[in-house]
Amino acid sequence: MKDSRIQTLAANLINYSCQIQPGEKVLIENFGLQRELVTALVEEAYKAGGWPYVLLKDHRVDRSLLMGAQEGQFDLMADFEANVMREMDAYIGLRAGDNINEHADVPAEKMKIHGNTIGKKVHRDIRVPKTKWVVLRYPTSSMAQLAKMSTEAFEDFYFDVCNLDYSKMDAAMEPLVALMNRTDRVQLKGPGTDLTFSIKDIPAVKCAGQLNIPDGEVYTAPVRDSVNGVISFNTPSPYNGFTFENIKLRFENGKIIDAHANDVKRINDIFDTDEGARFIGEFAIGVNPYILHPMQDILFDEKIDGSFHFTPGECYEDAYNGNQSNIHWDMVNIQRPEYGGGEIWFDDVLIRKDGRFVLLELEGLNPENLK
């Protein structure tokens, strides 16, 4: 028997997130074989009059390829996938796996090859700017374990999060977008954090189910050289198969001049990937009412209610601050009281305290108003 929640999710992805129109081509890329959802997506794409295409991948096979990766080999792979992506009007990226650390032992120089080829030529150069795209996870027992939940309870949580009314969230985000678009100076305060930067003249973009599922953030970017101070992150942050903890960064004129974590050498090696890796490409505020605690999955963690994330590396074209890099690393800080609290100030006005919006026009984004 089909789970009706899967069919609902597939219909939302095709009709709301990607808004597939008759004759449009949609690529469904699945890391991990999730037959039920892939099949449902194909069915819903046909119902909408679209042309679905399916690309199946596997994390363990991907690891084997990466272990021996060569530039020329991955250039050819990137050319192949780029040729396909250029033909697409939309992209749905479905990620699932049994082990978030599958790439933990892949050498950094091999991961860099992937980022410079497939990551750049296929996704950053084509998929992100030129298609209607959405990326999501699919519930697995390993995800339930990371969330410290039973598999059944996690599945219920997953579908609550992914099938909520994103159109309601979309409308509630409008006042925050308007406020961010007229803001110059931002200050973040909290335990181990006192950071200032400008977002003047850089657009704010709302994310309410069109790009990620789950969703629930409004993002912009700092003026590239405006970041000063120190920031501490209170959630684990997986990157390239390693989970970083207790990350603390110090900035001077936009640049990370000091970085500490549970592996100082490894984190600094990442920040030395290229010049842009030590500058920030995104600042975002998370508002999903169902996501309360980190589970080492960034698609969930960056949407946590009462959180913000700050992102070393590449900026987005629609919130462009000029920073270019082969990395884009969302690091999350939760400001609700049980995580130590914290404040966000816009132009010397307090807009959120301990994870709750305090301005009247923003109260629609507090969790009781989004469920």
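Residues numbered from 1 in each chain as written. Predicted model: local features only at pLDDT ≥ 70, side-chain atom pairs only at ≥ 80, totals over all residues. Heavy atoms only, no water.

A. Here's a closer look at the packing of aromatic side chains. Taken as a whole and assessed by the stated rule, the structure comprises 16 aromatic pairs. The interplanar angle of 90° and the centroid separation of 5.1 Å between the aromatic rings of Y158 and F159 together place this pair among those described as edge-to-face. With respect to class, Y158 is no different from F159; both count as buried. Site record: aromatic cluster; members linked through ring pairs are Y138, F154, F157, Y158, F159 and F300. Above the ring of F242, the side-chain terminus of R266 is found at 4.1 Å from the ring centroid. The ring centre of Y290 lies 5.5 Å from the NZ or CZ of K371, which sits over that ring. (Phe/Tyr/Trp six-rings, centres within 6.5 Å; stacked < 30°, edge-to-face > 60°. Buried < 20%, exposed > 50% of the residue type's maximum accessible area, 1.4 Å probe, protein only. Lys NZ or Arg CZ within 6 Å of the ring centre and 35° of its normal.)

B. The pattern of salt bridges, seen in detail. By the definition in use, this model includes 23 salt bridges. The salt bridge partner of E29 is R95, with a shortest N-O separation of 3.5 Å. You can see E29 sitting in strand β1 (residues 25-31) and its partner R95 sitting in strand β3 (residues 90-95), a full 66 residues away along the chain. Accessibility classification places E29 together with R95 in one group, the buried group. Among the salt bridges present, the one from E275 reaches R224, with a minimum N-O distance of 3.9 Å. A residue pair is termed long-range when its members are at least 10 positions apart, and E275 in the loop between α10 (264-271) and β15 (280-286) and R224 in the loop between β9 (217-220) and β10 (228-232) qualify at 51 residues. Take E275: its relative accessible area is 61%, and that puts it in the exposed class. Through salt bridges with shared partners, one network takes in E29, K57, E81 and R95. (Salt bridge = Lys/Arg side-chain N within 4 Å of Asp/Glu carboxyl O. Helix = DSSP H or I, 4+ residues; strand = E, 2+ residues; numbered from the N terminus.)

C. Representation of the sheet that holds strand β14 (residues 255-260) in the model. Read across the sheet, 8 strands follow the order β14-β13-β10-β6-β5-β18-β19-β20 without closing on themselves; strand pairing throughout is antiparallel. With partners counted over all chains shown, the strands left at the sheet margins are β14 and β20 (356-357), one partner each. As paired strands, strand β19 (residues 349-353) and β20 are joined by 2 bridges and run antiparallel to one another. When the bridges of β20 are listed, K353 appears paired with R356. Running over the sheet, α10 touches β13 (248-252) and β14 and is turned about 160° from β14. (Pairing = 2+ DSSP bridges. Contact = heavy atoms within 4.5 Å. Axes fitted to C-alpha atoms, helices over the stretch in contact; angles between N-to-C directions.)

D. Representation of the packing of helix α1 (residues 4-17) against helix α2 (residues 35-47). Relative to each other, α1 and α2 sit at 50°, their axes nearing to 8 Å. The orientation of α1 with respect to α2, classified from their angle, is oblique. Judged by the twist between their axes, the crossing of α1 over α2 is right-handed. Where α1 approaches α2, its residues I6, Q7, L9, A10, A11, L13, I14 and N15 are matched on the opposing element by E36, L37, A40, L41, E43, E44, A45 and K47. (Parallel < 35°, antiparallel > 145°, perpendicular 65-115°, else oblique. Left-handed = near helix turned anticlockwise from the far one by under 90°.)

E. Here's a closer look at the environment of D62. For D62, the location among the structural elements is in helix α3 (residues 59-67). Taking the C-alpha atoms as reference points, D62 and K371, 309 residues apart in sequence, are found 38 Å from one another. Once residues within four sequence positions are removed from consideration, D62 is found in contact with F31 and H103. A polar contact of 3.4 Å, which involves the side chain of D62, links it to the side chain of H103. (Polar contact = N/O pair within 3.5 Å; in protein donor to acceptor, adjacent residues only side chain to side chain.)

As far as function goes, none of this settles anything; it's purely spatial.
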